[in-house]
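# A look at the structure
Single-letter residue listing:
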Amino acid sequence: MERTILHCDLNAFYASVEMMLDPSLRGKAVAVCGSKEDRHGIVLAKSEKAKRCGVKTGEAIWQAQQKCRDLVIVPPQFDQYMKYSALTRRIYEDYTDLIEPFGIDECWLDVTASRLLFGDGEHIAHVIRERVKKELGLTISVGVSFNKVFAKLGSDMKKPDAVTVIPKQGFRERIGGLPAGDMLGVGPATARFLGERGIHTIAQLAAIDDYTLKKLGKCGEQIWRSANGLDDAPVHHMDFVDTIKSVGHGTTCVTDLYNDEDVWRVMYKLSQDISARLRIYKLRAGGVQIAIKDNMFHIAQHQRPLDAPTQSFAEIARAAFMLFRRGYNWHTGVRALTVRAIDLRSESEAQQIFLEADMGASEKQEKLERAMESIRSRYGKSSIEMASLFRAPRLAAKEIPNTMPSGIRIAGNPDADAIPDLPVMEFASGI
Ligand SMILES: [Mg+2]
């Protein structure tokens with residue numbers, strides 16, 4: 001049976017939520033921007049009017065202001081965006097339970113089984129579009145087609161507040177002339193590769209020769225199938241949880257980093273967050289990956305396997321730091337760092353495989369970290385820290401009220417945030 005897939009895309013989502021919450025912003029050129037203080041001073045989203053001035057997502061605030069003199073800058077309110085994303089989803093749920101989100105503002109809906117009840121895809125699309133506008137004060141554009149790729153393409157063709165149908169009969173005439181890069185799966189690099197070989201449109205991509213297709217590698221077959229309307233990927237059920245492939249955490253530092261010790265501190269903190277999430281997901285890391293962005297915006301990525309799968313933040317941080325030491329030559333300052341746990345395995349599987357490995361020491365470390373975490377969750381993040389982390393000269397003046405024999409230190413007042421957790425390099429022995 002021919003499927004009916006909708007792709008619903010909230011228009012200029014962040015900016016639209018801001019304008020809906022604050023009517024004085026309506027009709028103005030609005031840009032939602034990260035704060036300058038934490039160095040995320042870039043445009044995260046912009047209103048239609050700001051877009052017409054040439055303001056682009058990702059550019060610096062000062063660049064945007066040069067293009068648009070009366071640009072209104074507002075800070076992001078992520079909790080509101082999450083709320084309205086969920087409310088929109090609730091409207092979709094009245095029409096199907098096959099709802100697959102694609103980012104915070106986009107969803108695919110498979111309404112094949114709902115047609116008898118609610119009418120054809122185009123009709124359902126208009127009903128949903130009207131309801132979102134009336135009930136939430138936001139607009140969506142909807143693509144209606146027989147597969148996910150074309151539904152998504154359709155939602156981009158006319159916006160805001162519009163419905164575009166790409167039917168199975170005659171889809172080639174409808175979309176053949178569109179740039180190949182508009183199609184899901186054709187990223188900028190692939191589009192450039194195709195362009196250099198004279199392939200500019202979806203119709204040309206659909207008729208690509210075998211030789212060029214092979215050169216595209218793995219993604220070639222997929223995008224050729226998509227261009228020919230053969231994409232048959234299902235829309236997942238709303239309760240579907242994707243297999244977690246990696247658990248990562250990154251940060252743009254408040255000031256650039258210029259020495260190993262500062263990098264170690266950041267990596268240590270990032271690893272604590274990763275370790276906590278691995279425990280929640282009941283997973284262990286089989287390897288660690290890092291990404292380093294220097295202050296000239298060059299990004300380098302490095303990875304290595306771990307001797308045995310782990311959830312320990314100390315081990316993850318150690319591996320991450322080792323990668324950094326080998327991979328970075330301090331030609332300039334470091335602006336941003338990301339640490340990622342990769343090659344994930346379930347807790348039970350990991351232990352079976354590595355039974356023969358010497359788990360003694362790391363098991364002890366993990367027990368220690370678990371105990372620390374339960375104390376942290378009860379008394380606050382800075383209630384407990386490794387004693388060795390407080391030997392740094394700059395922290396020597398701080399009073400350490402209580403040291404347990406195991407090397408765990410408990411702060412006198414669990415609620416006070418007086419003692420920063422600043423790990424120092426000596427903790428990571430063996431680096
Ligand atoms: Mg959108």
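Residues numbered from 1 in each chain as written. Predicted model: local features only at pLDDT ≥ 70, side-chain atom pairs only at ≥ 80, totals over all residues. Heavy atoms only, no water.

### Considering the packing of helix 1 (residues 13-21) against helix 4 (residues 78-92)
When two helices pack together, you describe them by how their axes are tilted relative to each other and by the distance separating the axes. Rule in force here: Only the contacting stretch of a helix is used when fitting its axis, a line to C-alpha atoms as for every element, and angles between N-to-C directions run 0 to 180 degrees. Each helix is a run of DSSP H or I of at least 4 residues and each strand a run of E of at least 2, with the numbering of both proceeding from the N terminus. For classification purposes, an angle smaller than 35 degrees is called roughly parallel, one larger than 145 roughly antiparallel, one from 65 to 115 roughly perpendicular, and anything else oblique. Should any heavy atoms of two residues lie within 4.5 Å, those residues are considered in contact. Each residue is assigned to one of three groups, with Ala, Val, Leu, Ile, Met, Phe, Trp, Tyr, Cys and Pro labelled nonpolar, Asp, Glu, Lys and Arg labelled charged, and all others, Gly among them, labelled polar.
For the pair helix 1 and helix 4, interaxial distance at closest approach is 10 Å and the crossing angle is 95 degrees. Compared by their axis directions, helix 1 and helix 4 come out roughly perpendicular. From helix 1, Phe13, Tyr14, Val17, Glu18, Met20 and Leu21 reach across to helix 4, where they touch Phe78, Gln80, Tyr81, Tyr84 and Ser85. Residue classes in the contact of helix 1 with helix 4 are distributed as eight nonpolar, two polar and one charged.

### Quick word on the sheet that holds strand 3 (residues 43-46)
Here is the rule: Each pair of strands is called paired provided DSSP finds at least two bridges between the two strands.
Taken in spatial order, the three strands line up as 3-2-4 in an open sheet, and their pairing is mixed. The sheet is open, and its two borders are formed by strand 3 and strand 4 (72-74), each paired with just one other strand. On average, each strand axis in the sheet is inclined to that of its neighbour by 30 degrees, with strand direction left out of account. Relative to strand 3, strand 2 (residues 30-33) runs antiparallel, the two sharing three bridges. Within strand 3, the position partnered with cysteine 33 by the bridge is valine 43.

### So, the coordination of the magnesium ion
Under the convention used in this document: Note on donors: an N, O or S atom is included if it sits within 2.8 Å of the metal, or within 3.2 Å for Na, K and Ca, and water is never included, so sites can look incomplete. Burial classes follow relative accessibility: with a 1.4 Å probe on protein chains only, a residue under 20% of its type's maximum area counts as buried, one over 50% as exposed, and anything between as partly exposed.
The magnesium ion binds to the protein through Asp9 (OD), Leu10 (O) and Asp105 (OD); the donor distances cover 2.2 to 2.4 Å. Between consecutive donor residues of the magnesium ion, the sequence gaps follow D-L-x94-D. Here aspartate 9 is found in strand 1 (residues 5-10), whereas its partner aspartate 105 is found in the loop between strand 5 (99-101) and strand 6 (106-110), with 96 residues between them in sequence. The class of aspartate 9 is buried, set by a relative accessible area of 6%.

### Points about the packing of aromatic side chains
Where two aromatic rings form a pair, the distance of their centres and the angle of their planes describe that pair. Stated precisely, the cut-off is as follows: Note on ring pairs: Phe, Tyr and Trp rings are taken, using the six-membered ring of Trp, and paired if centres are within 6.5 Å. Classes follow the plane angle, with under 30 degrees stacked, over 60 edge-to-face and the rest tilted. Whether a charge sits over a ring depends on NZ of Lys or CZ of Arg being within 6 Å of the ring centre and within 35 degrees of the ring normal.
What the rule picks out here adds up to 17 aromatic pairs. Arranged with centres 5.8 Å apart and planes meeting at 85 degrees, the rings of tyrosine 14 and phenylalanine 78 form a pair that is edge-to-face. Residue tyrosine 14 is located in helix 1, and its partner phenylalanine 78 is located in helix 4; the two are separated by 64 residues in the primary sequence. Its relative accessible area of 18% is what places tyrosine 14 among the buried residues. Phenylalanine 78 gets classed as partly exposed once you look at its relative accessible area, which sits at 43%. A centroid spacing of 5.0 Å and a plane angle of 50 degrees characterise the contact between phenylalanine 102 and tryptophan 108, whose relative ring orientation is tilted. Assessed through its relative accessible area of 35%, phenylalanine 102 is described here as partly exposed. If you follow lysine 148 out to its NZ or CZ, it ends over the ring of tryptophan 108, 4.7 Å from the centre. Directly above the aromatic system of phenylalanine 193 lies the positively charged group of arginine 197, at a separation of 3.7 Å from the ring centroid.

### With respect to the sheet that holds strand 1
One open sheet holds the five strands; their spatial order is 5-6-1-7-8, and the pairing between them is mixed. Whereas interior strands pair on both sides, the edge strands pair on one side only; in this sheet they are strand 5 and strand 8 (162-165). Shown here is a sheet whose adjacent strand axes are inclined to one another by a mean of 20 degrees, direction ignored. Packed onto the sheet, helix 6 (residues 121-136) meets strand 1, strand 6, strand 7 (140-145) and strand 8 and runs at close to 170 degrees relative to strand 7.

### What about the confidence of the model for the protein chain?
Our working definition: Summary of the metric used: pLDDT quantifies the predictor's per-residue confidence within the range 0 to 100.
Here the protein chain averages 83 in pLDDT, and 83% of its residues register 70 or above. Here residues 352-356 scores under 50 on pLDDT; set against residues more than four positions off or in separate chains, the count is six contacts. Contacts from residues 388-431, a stretch scored under 50 in pLDDT, to residues over four places away or in other chains number 85 contacts.

### Overview of helix 9 (residues 188-196)
For the record, the criterion: Our arc is simply the arc of the directions from the helix axis toward the C-beta atoms.
Turning to helix 9, its buried residues number three or more, namely Thr190, Phe193 and Leu194. What you see down the axis of helix 9 is that its buried residues fit within an arc of 95 degrees, all on one side. Across from the buried face of helix 9, at angles greater than 90 degrees, the exposed residues are Pro188, Ala189, Arg192 and Glu196. Backbone geometry just downstream of helix 9 places glycine 198 in the positive-phi region, at approximately 80 degrees.

### Digging into the pairing of strand 10 (residues 283-294)
Taking burial as the measure, the twelve residues of strand 10 include eleven buried ones, the bulk of the element. As paired elements, strand 10 and strand 13 (residues 345-346) share two bridges and run antiparallel to each other. Across the sheet, the residue bridging to leucine 283 is serine 346, located in strand 13. Here eight bridges tie strand 10 to strand 11 (residues 299-310), and the two strands are oriented antiparallel to one another. Looking across to strand 11, one finds that alanine 291 is bridged to glutamine 301.

### Things to note about the side chain of threonine 112
Spelled out, the test is: For this analysis, a polar contact is any N or O atom pair within 3.5 Å, provided that within protein one partner can donate a hydrogen and the other can accept it, and provided that sequence-adjacent residues contribute only side-chain to side-chain pairs.
Here threonine 112 lies in the loop between strand 6 and helix 5 (115-118). Residue classification places threonine 112 among the buried positions, given a relative accessible area of 11%. At 3.0 Å, the side chain of threonine 112 and the backbone nitrogen of threonine 4 are in polar contact. At 2.5 Å, the side chain of threonine 112 and the side chain of aspartate 110 are in polar contact. Among residues more than four places away in sequence, those in contact with threonine 112 are Met1, Glu2, Arg3 and Thr4.

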